[in-house]
Amino acid sequence: MNRDLTVGKPESALCKFCLPLFGSIIFQQLYNIADSFVAGKFINDNALAAVGNSYEITLIFIAFAFGCNIGCSVLAAQLFGAKRYKDLKSAVYTALISSCVICLLLMVVGIAFCDGLLKLIKTPEEVFADSKLYLDIYIYGLPFVFLYNVATGIFSALGDSKTPFIFLACSSISNIGADILFVTAFKMGVAGVAWATFICQGVSCILALVVVFLKFSKIKTEGKFKIFSWQHLGSFAVVAVPSTLQQSFISVGNIIIQSVINTFGPAVMAGYSAAVKLNNMVITSLTTLGNGISNFTAQNLGAAKFDRIKAGFRAGLKLVWAICIPIVLIYELAGNWLVYIFLDSPTGAATETGVTFLRIVSPFYFVVAAKLVSDGILRGAGLMKKFMIATFTDLSLRVILAETLSRTALGTTGIWLSWPIGWTIATVLSVVFYLKIKWKQNDGQPTIPNDSKADADAEAADELDI
């Protein structure tokens, strides 16, 4: 069901829209670990290593798909909020076509350079063949990944967060069942895990696209609309490209930090691996809520309802902080039990490392949550320069501080401190950027603002001319 986020009490509208998104991310996490779980439990350790090793490369493809998702979602939400339905259809078809072209280019690169990419990340010889097999099948399924991401972006733009939740829940549960079936009954090994994911993603993608087109057939427009628009492509790229770069550089930054952690030995590596899984679950969930706030902002921006955006900021803070309270308490008080669950062979040093990480980082979830709410508004408004500045400040500081502080007497504690320091400074930037926005209406003519073009002066860079 489409939901108009420009009417009703902002706090209620945002909560009803975002809670299914929060549920979706739980199933997304389940989807992400299913292949690794089945490979490790039902095949062997080498299969688990092959799947995990390939995942580092698939993150690059996922970054592009995520960028297409956000680019389409923000643009479509702005047009939906402005009730410019003819432009909405044109923008969505433009995003679909553009995403297909990007996907095909990535498939060519992936197929041509698969071996080279695996060698680049120093894949051990004993897992190389399985890694390549898994990655090849994953690349064949990239069209499903891209089109499904664009489809879910469209659902979110129309205020429908329940439909993608249903698709993701069914797909995740089906993926686990298919993984076990193909591996245990059909004895397909790593290929079974890969093909199970391929099939489940394919079915979800096709069903999602069918529902999208059915929704669009019910939206009436006067006259024909353009199937492809260069103008809409530019607006799509303004949000999609920075979002893609953000995800890509985060992956690169995490690899650099991992290389620093690796110098402290296996116990520290194991403890960090367990704790960072718990940390990533929280950050991914909060980021998804931030994406929901982007859709809320974009719809109300299109409708020129600026007071609702301000109210949405306050409501968003209440929502994410309410979620942070129990998580922080659990991580602080029961961190050792949680870390223990993720460790195959827990040792005192590994457990202590994981618990220390959680106790240092988790109280600052309140801080980074505020950043993600502010980021959601900046991205929903198309203010991608400011969004990128805050994001890269956080990432750069964490990488630099992890490298620098690890060489001091603080040791690994210095690495963990890089998270709260980076988050705090970046949060200040994001909140200041949000507070400096000057919402204006220009003769009642709604336009889609962005700050990707060169501004004539500093003041213009902080204004949204509607």
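Residues numbered from 1 in each chain as written. Predicted model: local features only at pLDDT ≥ 70, side-chain atom pairs only at ≥ 80, totals over all residues. Heavy atoms only, no water.

1. Structural notes on the overall build of the chain
Helices and strands together make up the secondary structure of the chain, namely 14 helices and two strands. Relative to the 2.2 N^0.38 estimate, which gives 23 Å for 466 residues, the radius of gyration of the chain is 22 Å and therefore close to what a compact globule would have. Projecting the C-alpha coordinates of the chain onto the three principal axes gives extents of approximately 65 × 50 × 35 Å. Put simply, the chain has 466 residues, and 53% of those count as buried. At a minimum sequence separation of 6, the contacts of the chain that also span at least 24 residues come to 83%. For the chain, the computed accessible surface area is about 20,200 Å², with 67% contributed by carbon and sulfur atoms. Here the chain carries 35 positive and 29 negative side-chain charges, and the mean point of each set is 9 Å from the other. (Helix = DSSP H or I, 4+ residues; strand = E, 2+ residues; numbered from the N terminus. Rg over C-alpha atoms; globule rule 2.2 N^0.38 Å. Buried < 20%, exposed > 50% of the residue type's maximum accessible area, 1.4 Å probe, protein only. Contact = heavy atoms within 4.5 Å. Areas by Shrake-Rupley, 256 points an atom, 1.4 Å probe, with all protein chains shown as cover. Lys, Arg positive; Asp, Glu negative; His and termini not counted. Charge placed at Lys NZ, Arg CZ, Asp CG, Glu CD.)

2. Side note on the state of the cysteines
Per the stated rule, a full pass over the model turns up zero disulfides. The thiol of cysteine 18 is not disulfide-bonded; the next cysteine sulfur, from cysteine 15, is found 7.8 Å away. Judged by relative accessible area, which is 0%, cysteine 18 ranks as buried. Of all cysteine sulfurs in the structure, the one in cysteine 103 sits closest to cysteine 100, which takes part in no disulfide; the separation is 6.9 Å. By relative accessible area, which is 33% here, cysteine 100 ends up partly exposed. (Disulfide = S-S within 2.5 Å.)

3. What about the pattern of salt bridges?
Summed over all chains, the structure comprises eight salt bridges. One connected set of salt bridges, linked through shared partners, spans Asp115, Lys132 and Asp136. (Salt bridge = Lys/Arg side-chain N within 4 Å of Asp/Glu carboxyl O.)

4. Considering the packing of aromatic side chains
Scanning all chains against the criterion turns up 18 aromatic pairs. The interplanar angle of 85° and the centroid separation of 5.9 Å between the aromatic rings of tyrosine 272 and phenylalanine 357 together place this pair among those described as edge-to-face. Here the residue tyrosine 272 occupies a position in helix H9 (residues 266–302), and phenylalanine 357 occupies one in helix H11 (residues 348–361), the gap between them amounting to 85 residues. With relative accessibility at 5%, the residue tyrosine 272 sits in the buried group. Phenylalanine 357 gets classed as buried once you look at its relative accessible area, which sits at 0%. (Phe/Tyr/Trp six-rings, centres within 6.5 Å; stacked < 30°, edge-to-face > 60°.)

5. Regarding the environment of serine 99
Looking at the element boundaries, serine 99 is found in helix H3 (residues 85–120). Distance from serine 99 to aspartate 130, taken between C-alpha atoms, is 29 Å for residues 31 residues apart in sequence. Beyond its immediate chain neighbours, meaning those up to four positions away, serine 99 contacts Cys68, Phe146, Val150 and Phe236. In this structure the side chain of serine 99 is engaged in a polar contact, spanning 2.7 Å, whose partner is the backbone oxygen of alanine 95. (Polar contact = N/O pair within 3.5 Å; in protein donor to acceptor, adjacent residues only side chain to side chain.)

6. Digging into a nonpolar patch on the surface
Among the surface-exposed residues, Ile111, Tyr140, Leu181, Phe186, Met188 and Trp195 lie close enough to one another that they form a single nonpolar patch of about 560 Å² accessible area. Within the element layout of this structure, phenylalanine 186 appears in the loop between helix H6 (162–185) and helix H7 (189–217). (Patch = residues over 30% accessible without salt bridge, like charges linked within 9 Å, V, L, I, M, F, W, Y side chains within 5 Å.)

7. A look at the environment of cysteine 324
Tracing the backbone through its elements, the reader meets cysteine 324 in helix H10 (residues 306–342). Residue classification places cysteine 324 among the buried positions, given a relative accessible area of 1%. In the structure, cysteine 324 is positioned 43 residues away from valine 367 in sequence and 10.0 Å away in space, judged by C-alpha atoms.

8. Some points on the nonpolar core
Core analysis: the largest hydrophobic core is formed by 113 residues, its most contacted members being Leu88, Leu142, Leu286, Tyr365, Trp416 and Trp419. Here leucine 142 is in contact with Phe61, Cys103, Leu106 and Met107, once residues within four sequence places are set aside. Counting 11 residues, the second largest nonpolar core, distinct from the first, contains Val38, Ala39, Tyr134 and Val193. (Core = buried A, V, L, I, M, F, W, Y, C linked by side-chain atoms within 4.5 Å.)

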